[in-house]
Amino acid sequence: MNGTSSLLFAAILTASMLFSSPNAALAQDAPTSFDGPKTSWHGFDRYDFVMDEQTMDVQPYNAPADEGNGIAGDTHGQRRCIVVVPKQAAPGNPWSWQGCYWDHQPQTEVELLKRGFFIAYIAPEPDKQWDAWYAFLTDKHGFSKKPAFVGMSKGGVNAYKWATAHPDAVSCIYADNPALYPEDFAKVNLLAKNDVPVFHVCGSFDYLLFHHTLPVEDVYHQLGGRISVMIKEGYPHHPHSLPDPKPIADFIEQSAQPDTKPPFTLPGLTLIKSHYYSFENSYSYFPQDDAYITCRGPAFTDCYDRYDAKYGNDWQVTGITVIVPKTPATGNPWVFRAARIDRGEPSAVDLALLAKGFYIVAAPIDTGAGPVPKEWDDAYKLLTDNGFSRKPALEGFGMAAGEAYAWAITNPDKVSCIYAENPLMRSIMFPNLPPLENLAPLAKAGIPILHVCGSLDPLLKDNSVVVEQRYKGLGGQITVILKDGVGHYPLAPTDPQPVVDFIAQAATK
């Protein structure tokens, strides 16, 4: 087991049952005022405080005039604290929380102030004093119960330390060239389970990138959490942030918005929500940085809600999986996948279908025997009884395509079309019903078929070629698209559009 896999396994093993709290809701809008001396911070009102480390009592503090926008340091037994107030608070009194390097690269916080965020600071380290500061701002002054963390370098360490200890009390984390303590890395699964979006900005030459951001990115993505990264080509650990903080501020502002969309539900099932999005890189030139920046993650692409039905014991989350489009198309069309949906790079075909309003549904695998007809039948009935189209598109890859064919052959009146990539035409579900010998029910039902195959795939001659010949002989409609010079892998088509058009057209008949 390699290092990343070990970390992933450790993170998953440390998962625990989470509880919900009414404190997770945004604080009610209310006027927020502060007592004590007032100074200016980048054109906004700044209030300074000190906290007694023993009693956690917070009192106004008269900051020295020579501090300017910065902070000189702490007094023994006391913690310096700061609040900066926007001209007009946004609904819910959102705020960003910084716990190290006050006033270093402040452009993100200045932009957030312009958008109605409060800015708060308390000196490190994260501990019971931080808990008291959180209570002071949320309970006494009406701040949102879910702050956004802003952490650079050691500030990122502190952000993750407090956030993993309070995963239900964080709206998001923006971390810049951060590091994580091993014990906090092992708890990032709690952030993913609480749907805390994460955004890292890093230099490609940063010494922390390969041992901290990239492992966190791998694990968080595998856990179904939302993580986005920007990697600045040729930049070391400094300078932090971006000259134009708009991408960061946009992420924080969007993350602070309450999710008012009702969750997807299916009667009788416990559904676990996560996310489905492309992790493909995009590359953009940023003139103010005079650098290309690699961008990936849901901050830069469409992100869809994924729901997995939990069956059996704690090791099994292999029931039905449903990925929900942002706006379902008329009639709630869906794709019934024979293959499971892994956490790697999503199918370009499925992403394009989601954008057109299709649901993507993976059939359950709840036993060691693999696909079971009754489970497929039950999944179909559950979905169609709850408003899904009565004729989904069947989709399968490799040997899973044989399962898609087998179920379609036994249920030809319940299928709009079949799409297969490099299929192997045999079935575990119906071992006595070889798909190659039983294509007649599909042809009789007028089910169109599309295969995408590698011209060098060793399965091509005895599978797709035979299917094409026999299906056309039965009067059926079938198209085989060959990828010249390609073997069995990669399975996906180079251009998903013909496949998407084929499935969308079949769904309207």
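Described below are features of the structure shown in this document. (Residues numbered from 1 in each chain as written. Predicted model: local features only at pLDDT ≥ 70, side-chain atom pairs only at ≥ 80, totals over all residues. Heavy atoms only, no water.)

Focus: the pattern of salt bridges
For side chains bearing opposite charge, pairing can occur when the charged atoms are close. Applying the stated rule across the entire model yields 26 salt bridges. Here arginine 115 ties to glutamate 253 by a salt bridge, and the two come within 2.8 Å at their closest N and O atoms. Of the two residues, arginine 115 sits in the loop between helix H2 (107–114) and strand S6 (118–122) while glutamate 253 sits in helix H8 (residues 246–256), which places them 138 residues apart along the sequence. Relative accessible area serves as the criterion here: at 26%, glutamate 253 is assigned to the partly exposed category. Residue aspartate 139 pairs with lysine 145 through a salt bridge whose shortest N-O separation is 2.6 Å. Given the relative accessible area of 54%, aspartate 139 is considered exposed. Where salt bridges share partners, they join Asp195, Arg226, Asp259, Lys261, Lys273 and Asp305 into one cluster. (Salt bridge = Lys/Arg side-chain N within 4 Å of Asp/Glu carboxyl O. Helix = DSSP H or I, 4+ residues; strand = E, 2+ residues; numbered from the N terminus. Buried < 20%, exposed > 50% of the residue type's maximum accessible area, 1.4 Å probe, protein only.)

Let's talk about the packing of helix H10 (residues 373–385) against helix H11 (residues 400–410)
The interhelical angle for the contact between H10 and H11, taken along N-to-C directions, is 70°, at an axis separation of 11 Å. The orientation of H10 with respect to H11, classified from their angle, is roughly perpendicular. Of the two elements, H10 crosses H11, and the hand of that crossing is right-handed. Across the interface between the two elements, Trp376, Asp377 and Tyr380 from H10 touch Glu403, Ala404 and Trp407 from H11. Residue classes in the contact of H10 with H11 are distributed as 4 nonpolar, no polar and 2 charged. (Axes fitted to C-alpha atoms, helices over the stretch in contact; angles between N-to-C directions. Parallel < 35°, antiparallel > 145°, perpendicular 65-115°, else oblique. Left-handed = near helix turned anticlockwise from the far one by under 90°. Contact = heavy atoms within 4.5 Å. Nonpolar A, V, L, I, M, F, W, Y, C, P; charged D, E, K, R; others polar.)

What is shown is where atoms sit, not what they do.
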